[in-house]
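Given next are the chains, with one letter for each unit.
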2 protein chains.
Amino acid sequence: MTEGRSRRPGPRIEEVARVAGVSKSTVSRVINGEKYVSERSRQAVHRAIALLGYSPNHAARTLAGSKANAIALVVSEQGSRVLTDPFFAGVLRGVHAELAGRHVQLLLMMNQPSDGAGQVAYLTGGHVDGALVVSLHGEDPLPRTLHETGLPIVVGGRPLAGGSFPFVDSDNFNGALEAVRHLISLGREKIATIAGPADMAVGMDRLSGWRCGLAEHGLAVKLVVHSDFTPEAGALAMERLLHIAPDLDAVFVAADIMALGAMMVLQARGYQIPDDVAVVGFDDSVVAATAVPPLTTVRQDVEQFGRTMTWRLLAELAGEEKLPLSILLPTSLVRRASA
Amino acid sequence: MTEGRSRRPGPRIEEVARVAGVSKSTVSRVINGEKYVSERSRQAVHRAIALLGYSPNHAARTLAGSKANAIALVVSEQGSRVLTDPFFAGVLRGVHAELAGRHVQLLLMMNQPSDGAGQVAYLTGGHVDGALVVSLHGEDPLPRTLHETGLPIVVGGRPLAGGSFPFVDSDNFNGALEAVRHLISLGREKIATIAGPADMAVGMDRLSGWRCGLAEHGLAVKLVVHSDFTPEAGALAMERLLHIAPDLDAVFVAADIMALGAMMVLQARGYQIPDDVAVVGFDDSVVAATAVPPLTTVRQDVEQFGRTMTWRLLAELAGEEKLPLSILLPTSLVRRASA
DNA sequence: GCGGTCTCTGGGAGCGCTCCCAGATGCGGT
DNA sequence: ACCGCATCTGGGAGCGCTCCCAGAGACCGC
């Protein structure tokens, strides 16, 4: 006697119910963390689940229920750049960690060149309950579009374009402020900055921090060069700064990876780091510790970043009230040899 | 009159059937590309689908059918290390690209410290049709365990532990061989290597390539130091090499990231690169081009790596026969300033 | 003629859950 | 005593599909 259909292996909810001595309704309630379940039942169900190695069928839950039990992580940028970024990797790790234990699937989506509308259709088509959007450029319309359709989202990084959707960001302003205060405490007075792109909040916030730090002590806030987050652009920016002010004694660079390029130029021009010019970076990425000299930088906890985004989204999906619209995560100065 | 339950939007298969003037069985057959459907019916169904903007419900298909319409990408290692690895990021991109357009979902799984058995249970529990396993350490039992349960898998990187499951790997041996031949063509004769861990195939294969390259020209194959894939370990390894052989004139380093550390040490000791010591890395990761001096390295196409793994798995799931058990992807030398 | 095989079709059971409903119990206030 | 109201429980319909089955034709060879 063979089974007609090839059934999926593993126990069903019905069997858990039998073992626990309750109905499948009660098992379902326990799985979904609903109230109105006695402590006795709850524990019996947990024991039965552990005993049988039960794991609920995602498809069945989704089909029967009114939610998809999945969230999307949308990387809103040419994947090539983002994915090789340690920032993204850390965020992904955090998201995954926060999802552990909950029965929520993570769907990864990246902007295919051809996508666009298809992506929005998929996201709003009921396949996911919410989305985490890592949107690197300020002008990206995706967060707004998704938010307008009513899909719960959390954006990673403060959105420049206004709009009032929830976001999580590192405290870029205070990180930069702390960096500048540190440079000032070192006795530096001619402190330049290599800022990030003006169309990204992360760039603008770090620049604001630098400005405030200088203003606090009545120092000049003129030595600014914008750049993008590559070593080459950082090198170019440093050259322009040295051209304007050959006698600067410190640089706050808005990203470690740019700082690398800047340090190359400084050393090539014969400046000693940190004796002639102190350098502070931002991110505390892997390259900071292995730079020559090791880079003093502002640390942001990217894994916490991912965890927090996920927590915020799940809380909203769970119907929690009075959630903060935005969350800023602390940054901290990591002192190494360069400043 | 409000709807009792909040239904998902969009038409069902039943409605498509009505519009096309056939039964839902026939619509199902068309969707799944089965034979035994008349051309007339097929076209009518296609027209109805287009007219209604119908898109089949993933959960329902999975629940009713015998397949999950999803595959897992299992990262079998402490996520912390792996995820910040550009290698992983590239693979992920490739997997995603290959999946585009097919109705297959990608599930990301990482080894939580607590997991283990739970992970296996989930994977073999019918939630996925197959798994991509990026297994970095040779002794990892996961691929074998999964394979024994009958779950189709493709392993990324040659498994050390034997076992006959499909895998995809870069041609590490020939990449290393080419690197050494290049060094020899430069007139170098005392060529050391900083090898990867001995428990990883990627480490062993690159080491073998180095050995063969030297043996071809009757050069000594003594200068080996094992290390792991971090800059710090690379630096330490370089120090040990210099201690053994201060007069070496070239190093083949089994990973760019280790080469970074090695180059720091060489420069600190006053060696000129490449004049005194030529350095060749492996991977052609982002850091290679921005190193000082820019690093000559062996390029592997990590995105292609991911694509190939995915292609192989989907082909097997589609029931294709005579698929190659293992696939080696070509590597190529990228010449920059360091050698 | 008659059986066999291949092609095409519709009906309907059932995949494993969630969620509605109805009922049972306990506790407080009137 | 009565009615609420909150807490806990089980039964069962049904989510939208796939896949089995049965059956209707069409065509073949004997």
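Only a predicted model underlies this, so the values are computations on that prediction, with no experimental measurement involved. (Residues numbered from 1 in each chain as written. Chains lettered and ligands numbered in written order. Predicted model: local features only at pLDDT ≥ 70, side-chain atom pairs only at ≥ 80, totals over all residues. Heavy atoms only, no water.)

Enquirer: Account for the protein's contact with DNA strand D, with residues named and values stated.
Expert: Close to DNA strand D lie 29 residues; A:Thr26, A:Arg29, A:Tyr36, A:Ser41 and B:Arg12 are nearest. Between B:Asn32 and DNA strand D, the recorded distance is 3.2 Å, taken from a side-chain N or O atom to a phosphate oxygen. Within the backbone of B:Asn57, an N or O atom sits 3.4 Å from a phosphate oxygen of DNA strand D. Going through the elements one at a time, α2 (24–31) and α4 (58–64) of chain A together with α2 (24–31) and α4 (58–64) of chain B are the ones with two or more residues in the surface near DNA strand D. (Near = heavy atom within 4 Å. Polar contact = N/O pair within 3.5 Å; in protein donor to acceptor, adjacent residues only side chain to side chain. Helix = DSSP H or I, 4+ residues; strand = E, 2+ residues; numbered from the N terminus.)

Enquirer: Tell me what's going on with helix α9 (residues 172–185) of chain A, and back it up with residues and numbers.
Expert: With 14 residues, α9(A) should cover 20 Å at 1.5 Å per step; its first-to-last C-alpha distance of 20 Å lies within 8% of that length. Among all positions in α9(A), only A:Asn172, A:Gly175, A:Ala176, A:Leu177, A:Ala179, A:Val180, A:His182, A:Leu183 and A:Ile184 are buried. (Expected span 1.5 Å × (residues − 1). Buried < 20%, exposed > 50% of the residue type's maximum accessible area, 1.4 Å probe, protein only.)

Enquirer: So what's going on with the domain arrangement of chain A? Residues and values would help.
Expert: By a frequent convention, interface size equals the accessible area lost on bringing the separate parts together. Per the domain assignment, the segments of chain A are domain 1 (3–165) and domain 2 (172–301). Placing a centre on the C-alpha atoms of domain 1 of chain A and another on those of domain 2 of chain A gives a separation of 40 Å. (Domains from an automatic or database assignment.)

Enquirer: If you had to explain the interface of chain B and chain A to someone new, which residues and values would you point to?
Expert: Taken residue by residue, the interface counts 40 residues in chain B and 40 residues in chain A. Counting across the interface, chain B meets chain A through zero salt bridges. The interface formed by chain B and chain A holds three residue pairs in polar contact (both at pLDDT 80 or more) in total. For the side of chain B that touches chain A, the elements supplying multiple residues, two or more each, are α4, α5 (79–83), α6 (86–99), β2 (105–110), α7 (117–127), α11 (231–244) and α13 (286–290) of chain B. (Contact = heavy atoms within 4.5 Å. Salt bridge = Lys/Arg side-chain N within 4 Å of Asp/Glu carboxyl O.)

Enquirer: So what's going on with the relation of the copies chain B and chain A? Residues and values would help.
Expert: Take chain B, turn it by 179°, move it 1.3 Å along the axis, and it overlays chain A with an RMSD of 1.6 Å. Both copies are brought into coincidence by an operation consistent with a two-fold rotation axis. Among all residues of chain B, the one whose C-alpha sits closest to the rotation axis is B:Ala59, at a distance of 2.7 Å. (Least-squares fit on C-alpha atoms with pLDDT ≥ 70 in both.)

Enquirer: Can you lay out unusual backbone geometry for me, pointing to particular residues and giving the numbers?
Expert: Residues and elements named next belong to chain A. Along the chain, Ile273 connects to Pro274 via a cis peptide bond; the corresponding omega equals 5°. Structurally, Pro274 is set in the loop between α12 (256–268) and β9 (278–283). Positioned with a positive phi, Tyr36 is a non-glycine residue whose angle comes to about 65°. Here Tyr36 lies in the loop between α2 and α3 (39–52).

Enquirer: Would you mind going over the sheet that holds strand β6 (residues 191–195) of chain A in detail, with residue names and values included?
Expert: Residues and elements named next belong to chain A. Reading across from one edge, β7-β6-β8-β9-β10-β12 is the order of the six strands in this open sheet, with mixed pairing throughout. A strand with exactly one partner marks an edge of an open sheet, and here the two such strands are β7 (224–226) and β12 (331–334). On average, each strand axis in the sheet is tilted by 15° relative to the strand beside it, whichever way the strands run. One ladder, built from three bridges, connects strand β8 (residues 250–253) with β9; its direction is parallel. (Pairing = 2+ DSSP bridges. Axes fitted to C-alpha atoms, helices over the stretch in contact; angles between N-to-C directions.)

Enquirer: Which residues make up the nonpolar core, and what values go with them?
Expert: One recurring pattern in soluble globular proteins: nonpolar side chains tend to sit buried together. The biggest cluster of nonpolar side chains holds 60 residues, and the ones touching the most others in it are A:Met238, A:Leu248, B:Met238 and B:Leu248. If sequence neighbours within four positions are ignored, B:Met238 has contacts with B:Ile194, B:Leu248, B:Val251, B:Ala262, B:Val265 and B:Leu266. Within the second largest apolar cluster, 45 residues are counted, among which are A:Val75, B:Phe88, B:Leu108 and B:Met309. (Core = buried A, V, L, I, M, F, W, Y, C linked by side-chain atoms within 4.5 Å.)

Enquirer: I'd love a proper account of the protein's contact with DNA strand C, names of residues and values included.
Expert: Of all residues adjacent to DNA strand C, which total 29 residues, the nearest are A:Arg12, A:Ser28, B:Arg29, B:Tyr36 and B:Ser41. Residue B:Ser23 places a side-chain N or O atom 2.9 Å away from a phosphate oxygen belonging to DNA strand C. A distance of 2.6 Å separates a base oxygen of DNA strand C from a polar atom in the side chain of B:Arg29. Mapped onto the surface near DNA strand C, the elements with two or more residues apiece are α2 and α4 of chain A together with α2 and α4 of chain B. At four residues, α2(B) tops the list of elements feeding residues into the surface near DNA strand C. Partitioning the surface near DNA strand C into residue classes produces 10 nonpolar, 11 polar and eight charged. (Nonpolar A, V, L, I, M, F, W, Y, C, P; charged D, E, K, R; others polar.)

Enquirer: How would you sum up the packing of aromatic side chains? Please name residues and give values.
Expert: Residues and elements named next belong to chain A. Counting across every chain of the model gives two aromatic pairs over all chains. Seen from their ring centres, Phe252 and Phe282 are 6.3 Å apart, and the 65° between their planes marks the pair as edge-to-face. Highlighted residues: Phe252 in strand β8 and Phe282 in strand β9, separated in sequence by 30 residues. Judged by relative accessible area, Phe252 falls into the buried class, the value being 0%. Note that Arg206 overlies the ring of Phe282, its terminal NZ or CZ placed 3.7 Å from the centroid. (Phe/Tyr/Trp six-rings, centres within 6.5 Å; stacked < 30°, edge-to-face > 60°. Lys NZ or Arg CZ within 6 Å of the ring centre and 35° of its normal.)

Enquirer: Any chance you could break down the sheet that holds strand β7 (residues 224–226) of chain B for me, citing the residues and the numbers?
Expert: All names here are of chain B. The strand order β7-β6-β8-β9-β10-β12 describes an open sheet built from six strands, whose pairing is mixed. Because the sheet does not close on itself, it has two edges, and the strands there are β7 and β12 (331–334). Averaged over all pairs of adjacent strands, the angle between their axes in this sheet comes to 15°, without regard to strand direction. Judged from the four bridges that link them, strand β6 (residues 191–195) and strand β8 (residues 250–253) form a sheet pairing that is parallel. When the sheet's bridge partners are listed, Ala192 is paired in β8 with Val251. Sitting on the sheet, α11 touches β6, β7 and β8, and the angle it makes with β6 is about 145°. Across the sheet, helix α12 (residues 256–268) touches β6, β8, β9 (278–283) and β10 (296–300), and the angle it forms with β9 is around 160°.

Enquirer: Can you tell me about helix α3 (residues 39–52) of chain B, naming the residues and giving the values?
Expert: All names here are of chain B. Helix length check: α3 (14 residues) gives 20 Å between terminal C-alpha atoms against 20 Å at 1.5 Å per residue, within 8%. Residues of α3 that are buried: Ser41, Arg42, Ala44, Val45, Ala48 and Ile49. Along α3, the residues classed as buried sweep out an arc of 165° about the axis, all on the same side. Structural note: α3 exposes Arg40, Arg47, Ala50 and Leu51 on the side pointing more than 90 degrees away from its buried face. On the buried face of α3, the contacting elements are α1 (13–20) and α2. (Arc of directions from axis to C-beta.)

Enquirer: So what's going on with the pattern of salt bridges? Which residues, and what values?
Expert: All names here are of chain A. Tallied over the entire structure, the rule returns 23 salt bridges over all chains. Note that Arg312 is salt-bridged to Glu316, the shortest N-O span being 2.8 Å. On the criterion of helical spacing, the pair formed by Arg312 and Glu316 is a turn pair, its members being four residues apart in helix α14 (residues 302–317). The class for Arg312 is buried, based on a relative accessible area of 4%.

Enquirer: Could you give an account of the UniProt feature "domain: HTH lacI-type" (unreviewed entry) in chain A, naming the residues involved and the relevant values?
Expert: As recorded in UniProt, the sites labelled "domain: HTH lacI-type" (unreviewed entry) are residues 11–65 of chain A. Overall, residues 11–65 of chain A shows 67% helix and 0% strand. The separation of its end C-alpha atoms is 20 Å. (UniProt positions renumbered as here; feature names shortened; annotations may be inferred.)

Enquirer: Describe the environment of B:Val74, listing the residues and the values that go with them.
Expert: Residue and element names in this part refer to chain B. Note that Val74 resides in strand β1 (residues 70–76). On a C-alpha basis, the gap between Val74 and Leu108 in space is 6.3 Å, while along the polypeptide they are 34 residues apart. Excluding residues within four positions of it along the chain, Val74 makes contact with Met109, Gln119, Leu123, Ala131, Leu132, Val133, Val134 and Leu142.

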